[in-house]
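# Architecture and fold: a report
As a plain string of letters, each chain reads:
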Amino acid sequence: MQVSTRNLGGHAFTIRSWGDPGLPMLLMLHGFPEYGGAWDEVAKRLADTYHCVAPDQRGYGASYAPDDVGAYATSKLVSDMADLIGDAGPVIVMGHDWGASVAYALAMFRPDLVSYLIIANGVHPVPFQRAMAAGGAQSEASQYINFLRSPGSEDALAADDFSKLLSLFSAEMDMSWLHGERLYAYKAVWRQSGLKGMINWYRASPLIVADPGVPVPMPDLPLDRLQVRCPHLLVWADGDTALLPVSTEGLEEFAPALTRAHVDGADHWLLHQKPGEVASIVRNWLA
């Protein structure tokens, strides 16, 4: 694995990479509250065939982390990754959690840059918004978003050596993978970046979270522009308590070339719990 710094749009970003740069590029986009190193176990298993590239996205690690909430609009996040892809496109794009939102946006708004789209426990904005607006199980599971959007949440999460962040991180899921040197590395990254930038992703998002049992109208979304035209693989672990299966219902409406694959015995953190299985699914599908 190599670590480098790249200038994207006039700002410095930390980039990790595995494999020969001459191989087809696989861009790997992490979510909250991780960083590019979250892909290490999966990337190592794919680096013989693909040049795996995992940036610390805006607000994370040593990458550019402005304070302004508006700097985390989807258009800005997509622009960062479009600059990273550059003349290498189209490339394979894989995203997890919030990284999935950027991966979807690249496929929808910059289809010239994406040859194949792979999502691991991440959601397309329309099915996810439908589920959160319904006032049902996904609305209840997403109430933590309201806390994250509240003023000063970053300070509360960072207190006592990130104890509340670690509690939120687990959310009744298996965190046995986060210990020892890996936990030390995560805390070092959180100290380096601070938490404000990564939480600003939630504050900048237009997604509406209904109160449990109180459905709200769906916002008017440009459905014709939110289409994924390239081949799309969704890798899903049903143990996820933050993103429920209902949040992917109707995805075929927006991704006609969709393949679904399930990973048993894992939850939201499947990249760490089942990296070999995730890598095998990806390899076999791309082959």
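The rules behind the values
- Residues numbered from 1 in each chain as written.
- Predicted model: local features only at pLDDT ≥ 70, side-chain atom pairs only at ≥ 80, totals over all residues.
- Heavy atoms only, no water.
- Helix = DSSP H or I, 4+ residues; strand = E, 2+ residues; numbered from the N terminus.
- Salt bridge = Lys/Arg side-chain N within 4 Å of Asp/Glu carboxyl O.
- Buried < 20%, exposed > 50% of the residue type's maximum accessible area, 1.4 Å probe, protein only.
- Core = buried A, V, L, I, M, F, W, Y, C linked by side-chain atoms within 4.5 Å.
- Contact = heavy atoms within 4.5 Å.

Before going further, it helps to examine the environment of Glu181. Relative to the helices and strands, Glu181 is located in helix α8 (residues 180-193). Here the alpha-carbon distance between Glu181 and Asp67, two residues 114 residues apart in the chain, equals 29 Å.

This model, assessed by the stated rule, comprises 11 salt bridges. Across the salt bridge formed by Asp48 and Arg283, the nearest N and O atoms sit 2.8 Å from each other. Separated by 235 residues along the polypeptide, Asp48 in the loop between α1 (40-46) and β4 (51-55) and Arg283 in helix α11 (residues 275-286) bring together distant segments of the chain. Residue class for Arg283 comes out partly exposed when judged on its relative accessible area of 25%. Between Glu253 and Arg130 there is a salt bridge whose closest N-O contact spans 3.3 Å. Of this pair, Glu253 sits in the loop between β7 (232-236) and β8 (258-262) while Arg130 sits in helix α4 (residues 125-133), placing them 123 residues apart in sequence. A relative accessible area of 31% places Arg130 in the partly exposed class. Among the charged side chains, a salt-bridge network with shared partners connects Asp161, Lys187 and Arg191.

Of all hydrophobic cores here, the largest spans 70 residues; its most connected members are Leu27, Phe32, Leu106 and Leu117. Ranked by residue count, the leading element in this core is helix α3 (residues 98-109), at nine residues. The residues touching Phe32, leaving out its near neighbours within four places in the chain, are Tyr60, Asp97, Trp98, Leu148, Leu165, Leu168, Met198, Ile199, Tyr202 and Trp269. If you look at the next biggest cluster of nonpolar residues, it comprises 28 residues, including Trp18, Cys52, Met94 and Leu286.

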